[in-house]
Amino acid sequence: WAHSVSQEEVEVDNILYISRKSWWLTPRPMLANLSYLQIIILVATCAQNTGYVLLRRFSQGVVHEKASPGAILLLGEVFKLVASAAMIVKDASHTGAQKDLSPWGKFMWMMSTSKVMLVPAAVYLAMNMLSFIALARIDAGLFTILAQAKILTTALFGRVMMGKELHNRKWRALVLVACGAMLITNQRAPASVGNFMSYDFYLGTGAALLEITLSGAVSVYFEKVLKGTTTPHTVWDRNIQLAIMSGITYVPISLMETRGQFIFSSFTMLTVLVSLLGALGGILVALCVRYTDAVMKCLATCASIVLTTVLGSLWLGAKVDFVIAVGSGIVVVSILNYFDEGGVLVPTVQQPSKEVPLKETDIEGGGSQTADRAERNQQGKDAN
């Protein structure tokens, strides 16, 4: 009953194991050579953003919860910190710290090497302040429409900061994605911009445009930190660093919004779920930027606008008219065009038909007919 395993069988088993283990890393030619892992991350980012927006609308627009937005973001950073730390505790390979260090030693190593994360933390705080300034002076609909240009600023900063070159076909696709998203947001929340000549309008619009510019810059900067640095930090290390620094900035904002009360006093289970989804979004954004790029992260966000519109009409009773349908179609088709590598179609070569050899009688007959035709033509010229 004993069976001796040959060397060939061992090699075959190893090949099958490797292929099964790395199936999600295999590029898919039909989707811009994206692997299964990248597709899963992009789809999860789109689904998370959709659920987060719908749940926030339900929380604030239907239930009318009064929880502090800063406190919601703060709790989300706490969740992200705990989840990232759990991943490191579960598997030591998820951190770049030396394995012989104690947990406190690893934490101190992360904090001592977290200077590069001061930039995104400060930029996120500035973006929140700019959004407050903009929303106090312009309509929320106009602010949302302008925010769709983030995908273009992200692509521009990717070219400037990381030297990424995109084909003109992809630039056209990005412009159409932004235009389609603007159509959807404009139809869902029409902008009453008010007086174009007022100082508040220009100040609010300028603050919104600056916030959009900073969003593109910090997205590319975060991608450069995750991909371009020579330090051994992992995604989970950077998540912990960013969660701590962002959480520190959200504390005073939460205290100002709650006016000295306990910042979590108005929380319900629905609010906690919103914070949990926000934390999941932060983790997925880091994974998306790490394994794809910042532009694809923006594409996933734009795709979530279409999904949010469809589910919002089914769940929250939002109206979907012809303009929204056209805008959604533009977004979907443009995203597919962006992922299309634009391969050249190879023309089919027709096989030459087999010629039937002519007989001598055919050649002689053809020659005599040609001579007669030439003689008649000459006679016609002489007559003229």
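Preceding this paragraph is the structure being described.
Right, let's walk through the structure included here. Keep in mind that this is a model prediction, so the values were computed, not measured. (Residues numbered from 1 in each chain as written. Predicted model: local features only at pLDDT ≥ 70, side-chain atom pairs only at ≥ 80, totals over all residues. Heavy atoms only, no water.)

### Describing the overall build of the chain
(1) Moving on: Assigned secondary structure in the chain consists of 14 helices and 2 strands.
(2) Moving on: Relative to its 384 residues, the chain shows a buried fraction of 36%.
(3) Moving on: A sequence separation of at least 24 residues applies to 83% of the contacts in the chain between residues at least 6 apart. (Helix = DSSP H or I, 4+ residues; strand = E, 2+ residues; numbered from the N terminus. Buried < 20%, exposed > 50% of the residue type's maximum accessible area, 1.4 Å probe, protein only. Contact = heavy atoms within 4.5 Å.)

### Regarding the environment of Val 43
(1) Moving on: With respect to the helices and strands, the residue Val 43 is situated in helix H2 (residues 36-62).
(2) Moving on: For Val 43, a relative accessible area of 52% corresponds to the exposed category.
(3) Moving on: With 261 residues separating them along the chain, Val 43 and Ser 304 place their C-alpha atoms 9.3 Å apart.

### Describing the environment of Pro 103
(1) Moving on: Note on placement: Pro 103 falls in helix H4 (residues 103-112).
(2) Moving on: C-alpha separation for the pair Pro 103 and Ile 88, spaced 15 residues apart in sequence, amounts to 9.9 Å.

### Observations concerning helix H3 (residues 69-90)
(1) Moving on: Taking 1.5 Å per residue, 22 residues should reach 32 Å; H3 reaches 32 Å between its end C-alpha atoms and fits that length.
(2) Moving on: Among the residues making up H3, those that are buried are Gly 70, Ala 71, Ile 72, Leu 74, Leu 75, Gly 76, Glu 77, Lys 80, Ser 84 and Ile 88.
(3) Moving on: Looking at the buried positions of H3, the neighbouring elements they touch are H4, helix H10 (235-258) and helix H11 (269-291). (Expected span 1.5 Å × (residues − 1).)

### Brief notes about the packing of aromatic side chains
(1) Moving on: Per the stated rule, a full pass over the model turns up 4 aromatic pairs.
(2) Moving on: Both rings, one in Phe 264 and one in Phe 267, keep their centres 5.1 Å apart while their planes meet at 80°; by these two values the pair is edge-to-face.
(3) Moving on: Judged by its relative accessible area of 27%, Phe 264 is partly exposed.
(4) Moving on: When the ring of Tyr 338 is compared with that of Phe 339, the centres are 5.8 Å apart and the planes differ by 80°; the resulting orientation is edge-to-face. The same class applies to Tyr 338 and to Phe 339, which are both buried.
(5) Moving on: Chaining the aromatic ring pairs together yields one cluster made of Phe 262, Phe 264 and Phe 267.
(6) Moving on: The cationic tip of Lys 170 hangs over the ring face of Tyr 338; the distance from NZ or CZ to the ring centre is 4.4 Å.
(7) Moving on: Here the guanidinium or amino end of Arg 290 rests over the ring plane of Tyr 291, the centre of that ring lying 5.3 Å away. (Phe/Tyr/Trp six-rings, centres within 6.5 Å; stacked < 30°, edge-to-face > 60°. Lys NZ or Arg CZ within 6 Å of the ring centre and 35° of its normal.)

### Re empty space enclosed by the protein
(1) Moving on: Enumeration according to the criterion identifies 1 cavity of 30 Å³ or more in this entry.
(2) Moving on: The computed volume of the largest cavity comes to approximately 30 Å³.
(3) Moving on: Every residue along the wall of the largest cavity is listed here: Ala 121, Tyr 124, Leu 125, Asn 128, Ser 246, Thr 249 and Tyr 250.
(4) Moving on: Counting only elements with at least two residues in the lining of the largest cavity, the list comes to helix H5 (118-135) and H10.
(5) Moving on: For the lining of the largest cavity, the class distribution of residues is 4 nonpolar, 3 polar and no charged. (1 Å grid on protein atoms, 1.4 Å probe; cavity = no way out; pocket = protein on both sides within 12 Å on 5 of 7 lines; lining within 4 Å. Points joined across faces, edges and corners; volume = space filled by probe spheres on them. Nonpolar A, V, L, I, M, F, W, Y, C, P; charged D, E, K, R; others polar.)

### Quick look at the pattern of salt bridges
(1) Moving on: For the structure shown, the criterion picks out 6 salt bridges.
(2) Moving on: Close ionic contact of Glu 165 with Arg 159 constitutes a salt bridge, the shortest N to O distance being 3.6 Å.
(3) Moving on: Accessibility expressed as a relative area gives 64% for Glu 165, which makes it exposed.
(4) Moving on: Residue Lys 164 is joined to Glu 223 by a salt bridge in which the shortest nitrogen-to-oxygen separation is 2.4 Å. On the criterion of sequence distance, the pair formed by Lys 164 in the loop between helix H7 (150-162) and helix H8 (168-188) and Glu 223 in helix H9 (residues 199-228) is long-range, its members being 59 residues apart.
(5) Moving on: With relative accessibility at 28%, the residue Lys 164 sits in the partly exposed group.
(6) Moving on: A single network of salt bridges, built from pairs that share partners, joins Lys 164, Glu 223, Lys 227 and Asp 293. (Salt bridge = Lys/Arg side-chain N within 4 Å of Asp/Glu carboxyl O.)

### Concerning a nonpolar patch on the surface
(1) Moving on: Nonpolar side chains collect at one region of the surface, where Leu 307, Val 310, Leu 311 and Leu 314 lie side by side and expose about 350 Å² of accessible area between them.
(2) Moving on: With respect to the helices, strands and loops of the structure, Leu 314 is situated in helix H12 (residues 294-315).
(3) Moving on: Among the residues examined, Leu 314 registers a relative accessible area of 69% and is labelled exposed. (Patch = residues over 30% accessible without salt bridge, like charges linked within 9 Å, V, L, I, M, F, W, Y side chains within 5 Å. Areas by Shrake-Rupley, 256 points an atom, 1.4 Å probe, with all protein chains shown as cover.)

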